[in-house]
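These are the residues of each chain, in order.
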Amino acid sequence: MAEKVLSFPLTSFRADGSLDPDGYRAYVAERLAAGPGALFPACGTGEFFSLDEDEYRQVVTIAVEETAGRVPVVAGTGYGWAQALRFARIAEDAGADALLVMPHYLTAAPQDGLVAQLERIAAGTRLPLVAYQRGQVSYTAASLRRIARIPGVIGLKDGHSDLDRLQRLVLAAPEDFLFFNGAATAEIQARAYAAVGVPAYSSAVHAFAPEIANAFFAALQAGDTGTAGRLLRDFYVPLVELRDRVPGYAVSLVKAAARLRGCPVGPVRAPLTDPSAADLADLKTLLTTSLDLVGAAL
């Protein structure tokens, strides 16, 4: 999964907010055609937090069917361990290959509790687990050693971007333990993460502009600092500045960009909101000029 961009597909909704299975199937097929290293359905970008169990089942099932074994399917799960296991069993039945365990809901917890949460989930599913530290979840090096010994826990996705702490985690882990850069707009920090031993990253940009995401990844792989720097300066940094205007734009702006490109993803669900007309106009201008950088068009 470190050899290609990791794709986190959006979940398609109709105008009335209901799930659009046909639109989602078509959208997933487009993501797969862009050659990701893995598909992560029903995760943060896919609005896991707004899906009920039946919708989750449909989303993961469609992703597995469309992928047809070509790349791993890593489905999201989360909340408390009991609810996480309900989603885990659905993902098992649907044929997912692994689970991304997103931060638990609301409350802060001690290190022993964070480890116990993963132990409970791992004991109740046959699927491998990737822990996700973000928000109120942050592991110490000592806890990382403990979770790496839990049967079935195979990796960690980091969303804190504390590189000093992350380096300590990488050094504490077994050699075969997987690490992923899960920072918001991960490309911004991809070079820094790679320097501490974490080259694999999730790309929200792949959800709407795989041409840009793949061009940036290829530039990193080739050591083409000129191309990487140009894409960071002219696209990624302006995108982050636009994303930071309104809470929730990390998802809703991505979904708006996908709609601009004709993808059948529909609106976001509350509590997220779709971008304002002014922000949408700025997004369209940025996307048009940035696609031109890689020889693509809106």
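Because the structure is a prediction, the values reported are computed rather than measured.

Student: Tell me what's going on with the pairing of strand 4 (residues 98-101), and back it up with residues and numbers.
Tutor: Burial of strand 4 is two-sided: the residues A98 and L100 facing one way and the residues L99 and V101 facing the other way are all buried. Note that strand 3 (residues 74-77) and strand 4 share four bridges and pair parallel. Across the sheet, the residue bridging to V74 is A98, located in strand 4. Traced from strand 3 through helix 3 (residues 81-94) to strand 4, the parallel crossover comes out right-handed. Relative to strand 5 (residues 129-133), strand 4 runs parallel, the two sharing three bridges. Each residue of the ladder has a partner; that of L100, found in strand 5, is V130. Taken together, strand 4, helix 4 (residues 111-123) and strand 5 form a β-α-β motif whose crossover is right-handed.

Student: Give a description of the layout of surface pockets that names residues and reports values.
Tutor: Taken as a whole, the largest pocket encloses approximately 900 Å³ of empty space. If you go around the largest pocket, you meet 37 residues; those closest to its centre are G44, T45, F49, Y132 and R134. When contributions to the lining of the largest pocket are tallied by element, the ones reaching two or more residues are strand 8 (202-203), helix 9 (225-243) and helix 10 (249-260). Here the residues of the lining of the largest pocket are counted per class, giving 24 nonpolar, ten polar and three charged. By volume, the second largest pocket amounts to about 160 Å³. Lining the second largest pocket are M1, A2, E175, F177, L178, F179, F180, G197, P199 and A200. Within the lining of the second largest pocket, the residues separate by chemical class into eight nonpolar, one polar and one charged.

Definitions and cut-offs
- Residues numbered from 1 in each chain as written.
- Predicted model: local features only at pLDDT ≥ 70, side-chain atom pairs only at ≥ 80, totals over all residues.
- Heavy atoms only, no water.
- Buried < 20%, exposed > 50% of the residue type's maximum accessible area, 1.4 Å probe, protein only.
- Helix = DSSP H or I, 4+ residues; strand = E, 2+ residues; numbered from the N terminus.
- Pairing = 2+ DSSP bridges.
- Right-handed = clockwise from strand over helix to strand, strands pointing away.
- 1 Å grid on protein atoms, 1.4 Å probe; cavity = no way out; pocket = protein on both sides within 12 Å on 5 of 7 lines; lining within 4 Å.
- Points joined across faces, edges and corners; volume = space filled by probe spheres on them.
- Nonpolar A, V, L, I, M, F, W, Y, C, P; charged D, E, K, R; others polar.

Distances and angles like these do not, on their own, reveal function.
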